[in-house]
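# Architecture and fold: a report
Each chain, written out:
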Amino acid sequence: MAVKQTAGRDALGQFAPEFARLNDDVLFSEVWSREDALSLRDRSLVTVVSLMAQGLVDESFRYHLTTAKQNGITRTEIAEILTHGAFYAGWPKAWAAFRMAKDVWTEEGEDAKARHQSEMVFPIGAPNDAYAQYFVGQSYLAPLSGSQVGVFNVTFEPGCRNNWHIHHAKSGGGQILVCVAGRGWYQEEGKPARALRPGDVVNIPAEVKHWHGAAADSWFSHLALEVPGEETKNEWCEPVSDAQYEMLK
């Protein structure tokens, strides 16, 4: 997906038209759109670290932090990226970068989380740490019922999705998703992805390989209902790659 930028022409179109053209059409169009080499997420990571290493933590750095967030880099990941970079770029530069990153991820993230919570009656719950290894990005889990039928409210931050997985069962089994807030995706292996919105219901039979998660620009919550069955178990498979995910529209 080509990146479109007009900042160069907006700011310098009259004063330095060739610089503006190179900025908008080459750097932010041709270079950033070469997804066969690096994903948008990877390019954001490289750009943020490069700017931090030079101490360039101005409004352009804020722009690239915001872009990194939109391209799927989570709050946990940016903290680790800047921490790692600090040992090579310098501690004072990392402090300056962290001040701006905190504004972009923590404050905006908490506001977005609060807005998402206001859209539904079920709690977002706690960070889903027990299953974090099976997710790309940050998810949350709120158990609603542990008897008769297991019911859980699962919430995904923008860009978060679980790995491909299969609900195995000798008989019965599977899962039902009831979408309650935000926008997300569901996909079965070999089939196109299905966009999900509040009120949508997904019936997932046993033995079907699939994944589900949030849209890139939206929080998403669904209730997950465990269908009773005999000898049920889950098999977690490979992650949904950035390239696969970024193709969704």
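Everything below is about the structure printed above this text.
The rules behind each value
- Residues numbered from 1 in each chain as written.
- Predicted model: local features only at pLDDT ≥ 70, side-chain atom pairs only at ≥ 80, totals over all residues.
- Heavy atoms only, no water.
- Helix = DSSP H or I, 4+ residues; strand = E, 2+ residues; numbered from the N terminus.
- Buried < 20%, exposed > 50% of the residue type's maximum accessible area, 1.4 Å probe, protein only.
- Phe/Tyr/Trp six-rings, centres within 6.5 Å; stacked < 30°, edge-to-face > 60°.
- Lys NZ or Arg CZ within 6 Å of the ring centre and 35° of its normal.
- Pairing = 2+ DSSP bridges.
- Salt bridge = Lys/Arg side-chain N within 4 Å of Asp/Glu carboxyl O.
- Contact = heavy atoms within 4.5 Å.

### Details of unusual backbone geometry
Glycine aside, the phi torsion of most residues is negative, and most peptide linkages are trans. Although it is not a glycine, Q148 sits at a positive phi angle of roughly 60°. Tracing the backbone through its elements, the reader meets Q148 in the loop between strand 3 (139-145) and strand 4 (151-156). Backbone geometry at E207 places phi at a positive 75°, although glycine is not the residue there. Checked against the element boundaries, E207 lands in the loop between strand 11 (201-204) and strand 12 (210-214). Of the residues examined, E207 reaches a relative accessible area of 43% and is grouped as partly exposed.

### Regarding the packing of aromatic side chains
Evaluated as defined, the whole model comprises eleven aromatic pairs. Measuring from centroid to centroid gives 6.5 Å for Y131 and W236, while their planes differ by 50°, and the two rings are tilted. Separated by 105 residues along the polypeptide, Y131 in the loop between strand 1 (126-127) and strand 2 (135-136) and W236 in strand 15 (residues 233-236) bring together distant segments of the chain. Of the residues examined, W236 reaches a relative accessible area of 23% and is grouped as partly exposed. Three or more aromatic residues joined by ring pairs make a cluster, and in this case those are Y131, Y134, F135, F156, F220 and W236. Its guanidinium or amino end placed over the ring of Y245, R161 lies 4.3 Å from that ring's centre, counting from NZ or CZ.

### So, the pairing of strand 6 (residues 165-168)
Side-chain direction in a regular strand flips from residue to residue, so the side chains alternate between the two faces of the sheet. Neither face of strand 6 is open: one carries H165 and H167, the other I166 and H168, and all of them are buried. Relative to strand 15, strand 6 runs antiparallel, the two being bridged by four bridges. Directly across from I166, in strand 15, lies its bridge partner E235.

### Here we look at the pattern of salt bridges
Within this structure, the stated rule accounts for twelve salt bridges. The salt bridge involving R62 is made with D103; its shortest N-O contact spans 3.5 Å. One end of the pair, R62, is in helix 4 (residues 59-70); the other, D103, is in helix 6 (residues 91-118), with 41 residues separating them in the sequence. According to the relative accessible area criterion, R62 is partly exposed, its value standing at 24%. Overall, the relative accessible area of 25% leaves D103 in the partly exposed class.

### Concerning the environment of N163
Here N163 lies in the loop between strand 5 (161-162) and strand 6. We classify N163 as buried; its relative accessible area is 5%. Here the alpha-carbon distance between N163 and E235, two residues 72 residues apart in the chain, equals 10.0 Å. Setting aside residues no more than four positions away along its own chain, N163 makes contact with Q133, Y134, F135, H210, W211, W236, C237, E238 and P239.

### Digging into the pairing of strand 11
Burial along strand 11 is one-sided: the residues V202 and I204 are buried and none of V201 and N203 is. Note that strand 8 (residues 175-182) and strand 11 share four bridges and pair antiparallel. Considered in strand 11, the bridge of I176 is made with N203.

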